[in-house]
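Descriptive structure summary
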Amino acid sequence: MLFRSFYLATSLNRRYGLYEPPAITVSRGVYAPKTGLLGRLGFSSTEGALIRKDLKAFTRRRELMFVFIIPIVVILAPVMQGLGQMGGPVLAEASLFLVATVFLFPSAIMATMLGSFMIGEEGMTIWRIYSSPISPKSLVKSKYFFVVIFSLAVLAVTGTVGYIAFHPSPRALFVALLESVLLVFALGSISLSNGTKGADFTEVPRPRMIRTRWSFLNLIVCFLVATAILAPFVPYLLSSFIPGLAQPFMDLYVAVILSSIIATVTTFIFYRISVENAEELLRKAET
């Protein structure tokens, strides 16, 4: 019995035994973690962690599922109408309206809703933001990036559906995509500023995310700004439907330039307001 135990111990020692003492090597260089995709885009590790956290939250929380359903509902009616008219002649104004509906509305609505929810969706876990070493600029930067990238992803999907369903001309496709991107950036900055100012972290009996008064105010401001961004196209549309009307303002690319200027100025103004509102939010946490 003793011999068998000795033989077993010898076999195990020969197979698994350590003949050199384990050592821990400490490097003397500066620790440099691998840079991910967000890091290569210019985001810090804190900002990247916040963006990834928001991505998980918006894909897992049940109360936010209606945000994903709205683009489907918005494009369903015009696409079905367009498919129903494929067998017969389609009026130019009707086709133009359907294309604008599919391209502009889903991404614009997504930017408006997401921006107003981005701060309030933190709920009772907002203390993590308060206790984390994040500046107001970094907070707005990460939240705004998520709003824009998510809305542009919706635009890519709905734009593909619209192109397959209506086959717009290259010029109409270019204008529709450009105006959709401009609306996403402008409305995203507006809704984020209002969502930061009117954030509601109440979770019982259900999450609110933004106070009712600020929610209505955000919808009104976003509607007015979207109307202002698209207003330069009104003379062009009138001249298209009524020959000879508004002839001096018929150039489509002049309308695109004016619309781009309005959207760019609006985006920068409300982005600065978002940073100021974030500073006030974090300042309240300190007191």
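Structure shown above.
Here is what the cut-offs are and how they apply
- Residues numbered from 1 in each chain as written.
- Predicted model: local features only at pLDDT ≥ 70, side-chain atom pairs only at ≥ 80, totals over all residues.
- Heavy atoms only, no water.
- Patch = residues over 30% accessible without salt bridge, like charges linked within 9 Å, V, L, I, M, F, W, Y side chains within 5 Å.
- Areas by Shrake-Rupley, 256 points an atom, 1.4 Å probe, with all protein chains shown as cover.
- Salt bridge = Lys/Arg side-chain N within 4 Å of Asp/Glu carboxyl O.
- Helix = DSSP H or I, 4+ residues; strand = E, 2+ residues; numbered from the N terminus.
- Buried < 20%, exposed > 50% of the residue type's maximum accessible area, 1.4 Å probe, protein only.
- Phe/Tyr/Trp six-rings, centres within 6.5 Å; stacked < 30°, edge-to-face > 60°.
- Lys NZ or Arg CZ within 6 Å of the ring centre and 35° of its normal.
- Axes fitted to C-alpha atoms, helices over the stretch in contact; angles between N-to-C directions.
- Parallel < 35°, antiparallel > 145°, perpendicular 65-115°, else oblique.
- Left-handed = near helix turned anticlockwise from the far one by under 90°.
- Contact = heavy atoms within 4.5 Å.
- Expected span 1.5 Å × (residues − 1).
- Arc of directions from axis to C-beta.
- Core = buried A, V, L, I, M, F, W, Y, C linked by side-chain atoms within 4.5 Å.
- Polar contact = N/O pair within 3.5 Å; in protein donor to acceptor, adjacent residues only side chain to side chain.
- Nonpolar A, V, L, I, M, F, W, Y, C, P; charged D, E, K, R; others polar.

Together, Val254, Ile257, Leu258, Ile261, Val265, Ile269 and Ile273 make up an exposed nonpolar region whose accessible area comes to about 590 Å². With respect to the element layout, isoleucine 269 can be found in helix H11 (residues 252–286). Taking the relative accessible area as the measure of exposure, isoleucine 269 reaches 47% and is therefore partly exposed.

Throughout the structure, instances matching the rule amount to four aromatic pairs. Their ring planes at 70 degrees and their centres at 5.3 Å tell us that tyrosine 144 and tyrosine 271 sit as a pair that is edge-to-face. Taken as a pair, tyrosine 144 in helix H7 (residues 136–166) and tyrosine 271 in helix H11 lie far apart in primary sequence, 127 residues in all. Each member of the aromatic cluster is reached from another via a ring pair, and the members are Tyr144, Phe185 and Tyr271. Taking NZ or CZ as reference, lysine 141 lies 4.9 Å from the ring centre of phenylalanine 43, over its face.

Time to look at the packing of helix H3 (residues 45–60) against H7. Relative orientation of the contacting elements H3 and H7 amounts to 40 degrees, with a least axis distance of 9 Å. One way to sum up the angle between H3 and H7 is to call them oblique. The handedness of the crossing between H3 and H7 is right-handed. Contact residues: H3 offers Glu47, Leu50, Ile51, Lys53, Asp54, Leu55 and Phe58, while H7 offers Ser138, Leu139, Lys141, Ser142, Lys143, Phe145 and Phe146.

Summed over the entire model, instances satisfying the criterion amount to six salt bridges. The salt bridge involving glutamate 121 is made with lysine 53; its shortest N-O contact spans 3.5 Å. On the criterion of sequence distance, the pair formed by glutamate 121 in the loop between helix H5 (92–117) and helix H6 (126–131) and lysine 53 in helix H3 is long-range, its members being 68 residues apart. Among the residues examined, lysine 53 registers a relative accessible area of 27% and is labelled partly exposed. Note that glutamate 280 is salt-bridged to lysine 197, the shortest N-O span being 2.9 Å. In this pair, glutamate 280 sits in helix H11 while lysine 197 sits in helix H8 (residues 170–197), placing the two residues 83 residues apart along the sequence.

Structural remark: α-helix, 3.6 residues per turn; residues separated by three or four positions point the same way. Taking 1.5 Å as the rise per residue, helix H9 (residues 212–230) with 19 residues should run 27 Å; its terminal C-alpha atoms sit 27 Å apart, in good agreement. Residues of H9 that are buried include every one of Trp214, Asn218, Cys222, Val225, Ala226 and Ile229, and no others. End-on view of H9: buried residues confined to an arc of 100 degrees, all on one side of the axis. Facing away from the buried side of H9 by more than 90 degrees, the exposed set consists of Thr212, Arg213, Phe216, Ile220, Phe223 and Leu224.

A few words now on the nonpolar core. Among the nonpolar cores identified, the biggest contains 44 residues, and Ile119, Ile129, Leu139, Leu183 and Leu187 are the most heavily contacted of them. The element contributing the most residues to this core is H7, with eight residues. Other than its neighbours up to four places away in sequence, isoleucine 129 contacts Leu50, Glu122, Ile134, Leu139 and Leu282. Counting residues in hydrophobic clusters, the runner-up holds seven residues, among them Phe103, Ala165, Phe166 and Ala176.

The exposure class of glutamate 121 is buried, given its relative accessible area of 3%. A polar contact is formed between the side chain of glutamate 121 and the side chain of lysine 143, at a distance of 3.5 Å.

In this section: the environment of valine 256. For valine 256, the position within the fold is in helix H11. Each C-alpha atom of the pair valine 256 and valine 175 lies 7.4 Å from the other, and the pair is 81 residues apart in sequence. Once residues within four sequence positions are removed from consideration, valine 256 is found in contact with Val175, Leu178, Glu179 and Phe233.

Take the packing of H8 against H9 next. The contact between H8 and H9 brings their axes to 10 Å, and the two run at 155 degrees. Looking at the two axes, H8 sits roughly antiparallel to H9. Both H8 and H9 take part in a crossing whose hand is right-handed. Here Glu179, Leu183, Ala186, Leu187, Ile190, Ser191, Asn194 and Lys197 of H8 lie close against H9, whose contacting residues are Trp214, Asn218, Val221, Cys222, Val225, Ala226, Ile229 and Leu230. Across the contact of H8 with H9, the residue classes break down as eleven nonpolar, three polar and two charged.

Turning our eyes to something else, we now look at the environment of isoleucine 262. Among the secondary structure elements, isoleucine 262 is positioned in helix H11. Considering only alpha carbons, one finds isoleucine 262 and alanine 226, 36 residues apart in sequence, at a separation of 9.7 Å.

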